[in-house]
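# Secondary and tertiary structure notes
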Amino acid sequence: MATVAQELDRRSAQALQHIENAAANLHQSVTRLDSCGERFAKTALGVIGSEAKQTITHGTGQAVGEIQQQLLQAAQTIHSSAQEMEAQRKGLNAARRSMLWNGLGALLIGSMLAAGGTGYFAWKSTQDIAQAKFGSDILQATQSGTLTRCGDMLCVKTGKKPQRYGQNGEYLLLRD
């Protein structure tokens, strides 16, 4: 998740840098075009006669006005595009943060589930081991002859002096 968030952040930064470079290039082009247009107008006016001068001045003024209008529209378009890109960048940053927090939450929940599952399996394994030990004790008592069958009944060899066990002495301790 962190890698995806970093990649989104890197791409957002690249896109913003690209827009800023394009805006700077367009600004330079506008400046050069404006200065070239002014130089052209001055040179043309100096060379051409007085009657042609009025006609050219009028035509040049219209052309420069149209160019200036187009440049203003282009600048407005670039400005609105830059604002939209900034809004998208902010949205991507918010989405990245959201994904990061969601990922951390998922990792936290997963870790808690894994820890709980591990604890349960450890407890269950301890219970299984205790049960297996009891089964092993019964097997050992059967093999040693301490626990055997007496017809249909189960018999226990208690020894010559049996000892009692439990709060009320309800159990007899087995001896080999």
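Let us look at the structure shown here.

Reading the values: the criteria
Residues numbered from 1 in each chain as written. Predicted model: local features only at pLDDT ≥ 70, side-chain atom pairs only at ≥ 80, totals over all residues. Heavy atoms only, no water. Disulfide = S-S within 2.5 Å. Helix = DSSP H or I, 4+ residues; strand = E, 2+ residues; numbered from the N terminus. Salt bridge = Lys/Arg side-chain N within 4 Å of Asp/Glu carboxyl O. Buried < 20%, exposed > 50% of the residue type's maximum accessible area, 1.4 Å probe, protein only. Pairing = 2+ DSSP bridges.

## Re the state of the cysteines
What we call a disulfide is simply a covalent bond connecting the sulfur atoms of a pair of cysteines. Taken as a whole and assessed by the stated rule, the structure comprises one disulfide. For Cys150, the disulfide goes to Cys155, at an S-S distance of 1.7 Å.

## Quick notes on the environment of Arg39
Within the secondary structure layout, Arg39 lies in helix H1 (residues 2-47). Between the C-alpha atoms of Arg39 and Arg96, which are 57 residues apart in sequence, the distance is 50 Å.

## Focus on the pattern of salt bridges
Counted under the stated rule, the structure contains two salt bridges. Residues Arg89 and Glu86 are paired through a salt bridge, measuring 2.5 Å at the closest nitrogen-oxygen approach. Taken together, the residues span about one helical turn, with Arg89 and Glu86 both in helix H2 (residues 50-144) at a distance of three residues. Among the residues examined, Arg89 registers a relative accessible area of 23% and is labelled partly exposed. Residue classification places Glu86 among the partly exposed residues on the basis of a relative accessible area of 24%. Across the pair Asp128 and Lys124 runs a salt bridge whose closest N-O atoms are separated by 3.8 Å. Remark: Lys124 and Asp128 occur in helix H2; sequence separation between them is four residues, near one turn of the helix. Exposure remark for Lys124: the relative accessible area of 35% places this residue in the partly exposed category.

## Brief notes about the pairing of strand S2 (residues 153-156)
Summarising the sheet, strand S1 (residues 147-150) and S2 pair through four bridges and their orientation is antiparallel. Following the sheet pairing, Cys150 is matched in S2 by Met153. In this antiparallel pair of consecutive strands, S1 and S2, the connection spans two residues, and Gly151 shows a positive phi of 75°.

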